[in-house]
Structures are given as structure tokens and as C-alpha cells.
Amino acid sequence: MEQRQIGTHAVSAIGLGAMPLSIEGRPDRERALATVHAALDAGVTLVDTADAYHRDAGEVGHNEELVAEALRTYGGGTDAVLVATKGGHLRPGDGSWTQDARPEHLKAAARESARRLGVEAVGLYQLHRPDPQVPYAESVGALADLLDEGVIAMAGISNASVAQIDEADDVLGGRLVAVQNQFSPAFRSSLAELEHCAAKGIAFLPWSPLGGIAKAAELGSRHSAFQEVADAHGVSPQQVTLAWELALASVVVPIPGSSRPASVTDSARAADLRLTADEVARLSSTGQEA
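To keep things clear, this report deals only with the structure shown in the data block. Since this is a predicted model, take the numbers as computed values, not measurements.

From N to C terminus, the protein chain includes 11 helices and 11 strands. Taken over C-alpha atoms, the radius of gyration comes to 18 Å for the protein chain, in line with the 19 Å a tight globule of 290 residues would show. Considering the protein chain as a whole, with its 290 residues, one finds that 54% of them fall into the buried category. Sequence separation of 24 or more characterises 74% of the internal contacts of the protein chain that already satisfy a separation of 6 or more. Averaging the coordinates of the 23 positive side-chain charges in the protein chain and doing the same for the 38 negative ones gives two points 3 Å apart.

On to the pattern of salt bridges. Pairs may arise between side chains of opposite charge once their charged atoms sit close together. Inspection of the entire model under this criterion finds 19 salt bridges. One salt bridge in this structure joins Glu2 and Arg274, with 3.6 Å as the shortest N-O distance. Note that Glu2 is positioned in the segment before β1 (3–6) and Arg274 in the loop between α10 (261–268) and α11 (277–285), a separation of 272 residues in sequence. You can call Glu2 partly exposed: its relative accessible area is 25%. Ionic pairing is found between Asp48 and Lys86, a salt bridge with its closest N-O pair at 2.5 Å. In this pair, Asp48 sits in strand β4 (residues 46–48) while Lys86 sits in strand β5 (residues 82–87), placing the two residues 38 residues apart along the sequence. Side by side, Asp48 and Lys86 carry an identical accessibility label, which is buried. Because the salt bridges share partners, they merge into one network encompassing Glu64, Glu112, Arg115 and Arg116.

Membership of the largest hydrophobic core comes to 53 residues, with the highest contact counts inside it found for Tyr125, Ile152 and Ile157. Formed by 21 residues, the second largest nonpolar core is a distinct cluster that contains Leu21, Ala38, Leu40 and Leu66.

Now for the sheet that holds strand β10 (residues 176–182). Hydrogen bonds between backbone groups are what pair the strands of a sheet, and the pairing can be parallel or antiparallel. What the 7 strands build is an open sheet, ordered β3-β4-β5-β8-β9-β10-β11; its pairing is parallel. Sheet topology places β3 (16–17) and β11 (203–207) at the edges, where each strand pairs with a single neighbour. The sheet contact formed by β3 and β4 spans 2 bridges and is parallel. Within β4, the residue paired with Leu16 across the bridge is Val47.

All right, on to the packing of aromatic side chains then. This model, assessed by the stated rule, comprises 4 aromatic pairs. Ring centres 6.3 Å apart and planes at 80° place the aromatic pair Tyr53 and Trp97 in the edge-to-face group. In this pair, Tyr53 sits in the loop between β4 and α2 (62–72) while Trp97 sits in the loop between β6 (89–90) and β7 (98–99), placing the two residues 44 residues apart along the sequence. On the accessibility criterion, Tyr53 (6% relative accessible area) is buried. When the ring of Phe183 is compared with that of Phe204, the centres are 6.5 Å apart and the planes differ by 85°; the resulting orientation is edge-to-face. Note that Phe183 is positioned in the loop between β10 and α6 (191–200) and Phe204 in strand β11, a separation of 21 residues in sequence. Overall, Phe183 belongs to the buried group, its relative accessible area being 1%. Given a relative accessible area of 0%, Phe204 falls into the buried group.

Rules of the game
Residues numbered from 1 in each chain as written. Predicted model: local features only at pLDDT ≥ 70, side-chain atom pairs only at ≥ 80, totals over all residues. Heavy atoms only, no water. Helix = DSSP H or I, 4+ residues; strand = E, 2+ residues; numbered from the N terminus. Rg over C-alpha atoms; globule rule 2.2 N^0.38 Å. Buried < 20%, exposed > 50% of the residue type's maximum accessible area, 1.4 Å probe, protein only. Contact = heavy atoms within 4.5 Å. Lys, Arg positive; Asp, Glu negative; His and termini not counted. Charge placed at Lys NZ, Arg CZ, Asp CG, Glu CD. Salt bridge = Lys/Arg side-chain N within 4 Å of Asp/Glu carboxyl O. Core = buried A, V, L, I, M, F, W, Y, C linked by side-chain atoms within 4.5 Å. Pairing = 2+ DSSP bridges. Phe/Tyr/Trp six-rings, centres within 6.5 Å; stacked < 30°, edge-to-face > 60°.

Listed below in C-alpha cells is the structure:
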């Protein structure tokens, strides 16, 4: 599969967002492991997780532990796989998401993530979301300390504005390697952040790149231009969507979520789909349909 760069690490152009394997509506463990294994079989070498990807109270790190198990039980090599995780979100178990990006929490959370993943240093650790109760520079400063202490190998941020990207990179002394924001045909307000990352050479990881797992199957009917281009190529509109995102900038690495081996295999094929300049322009100019 085509490779793209996150900091010093080359990864597959399409990653796997592992969240659907652990939250509400999650598959059984056997299918969850098979989904990660199918991604690895397809050449995926970036797996994104978080300590908050769990359903019930008392199972913090469920997704991290599942990803670690999937890597341990995979029949092939996994040395090239980069596992990216995040800290700063909490799930009390009632379906809600809360935040805690205090430096002391992030530092403890990163060490716990490393333990659950079974690594000496987390490959890529990301601030999950800015905490309005904590100055942003203090939260990012915790990542700088974790880098200096060798707890994490690379640092990233998520759900960030252009100004926060610059602030984070400054606090990290130019060591910001990734920004993970929502971006899809239906959600394009992060285009400014994508373009800013491209200008700075920072990887941009679109989350929910197909519009969210609940709406991904309806992508073609909601966005007719993507279906029409898919029909012209004889592929799925989901593949076209990911190929379009890849064409926007060389720093883009989409991380579609999946809970089935078949869907992750289809997504991975997008790395080999080449759209024409006219097709990219057409898809970029279509409206954000509901």
C-alpha cells in the first residue's frame, strides 16, 4: 500500500479507526479481532485507538487492550505497525463524553496506555480534545514532558483549530507530528486545518472520514457526486471518498472506523484508486448534502 509520513514513521495511506470495536453497538471479540487482522492483511500499518474508547464504566482502555491482543495474535509481522492512542477524554459509562486534560491526568493516562499496549513508549500519543477548564498550553506541555521522558515517541493533537495547531507546535518545540480532526464529504469545516497542516508538513488524520459509522453505508445516496464517480470506476462510494481525501494533500491519512473485516478491506483499496484532477475538483466543489 502507498506510504505516507507521520513524523519519522512511514505508515499506510489508509489507517484503521478502532473505536467502533469497543463502544456502543460493538461486535463480539472474535469479530473485533478479525477486523483488525483483516486491516493488517490489507497492508494497514496505522491503528488509531484511545483510552476512552469503551462502552461501560470500569473498562477504561478496552479498545487499547483489544488492539494489543489483535497485534499479539496476528499471524504475520507487526513491526511496521504504528499504534496511535489518545488521552484527555473520559466516558463515565452513561453514553456521555467528559474531559480531563490536566497535565497530571495526561501523564498518568499515557503511562497506563503504554502498559495496556505492551510497549515501552507509545508510538503516537495525542491530546484527545481541548479541555475548556485547562489552559491549552498546559495540556500540550504535558505531551512535551512525556516526549522528553521517553514515555511517548511522537506527539499529536485532535479536534484542534488552526491557532491551536500553531500553539501546540510552539509548545512542543516544533515536534507536533499529527492533527486528528473530523473531516468528510458532510463535514468540511476542518479544511482550513487540513491545508494548514499541509503547509507545515504535519500529518492530518481525518476521523469519521466517511461521515460516521452510522451514516457510512448511506454515503452514496447522501452525496450523489461520490456515487457517480464510484459508478464510473466500478468501486464503492466509500473508496471514492477516501481516495478524494488522499488527493487533497500528501499529509492526509484517513482513519475510517470499521467493525467488519469486509468494510476495512474495502476501505484499504482506496489507497490504489487514482481519481482524475477533474474528479477531485468536482467532489471538492459539491455541496455538503444532509
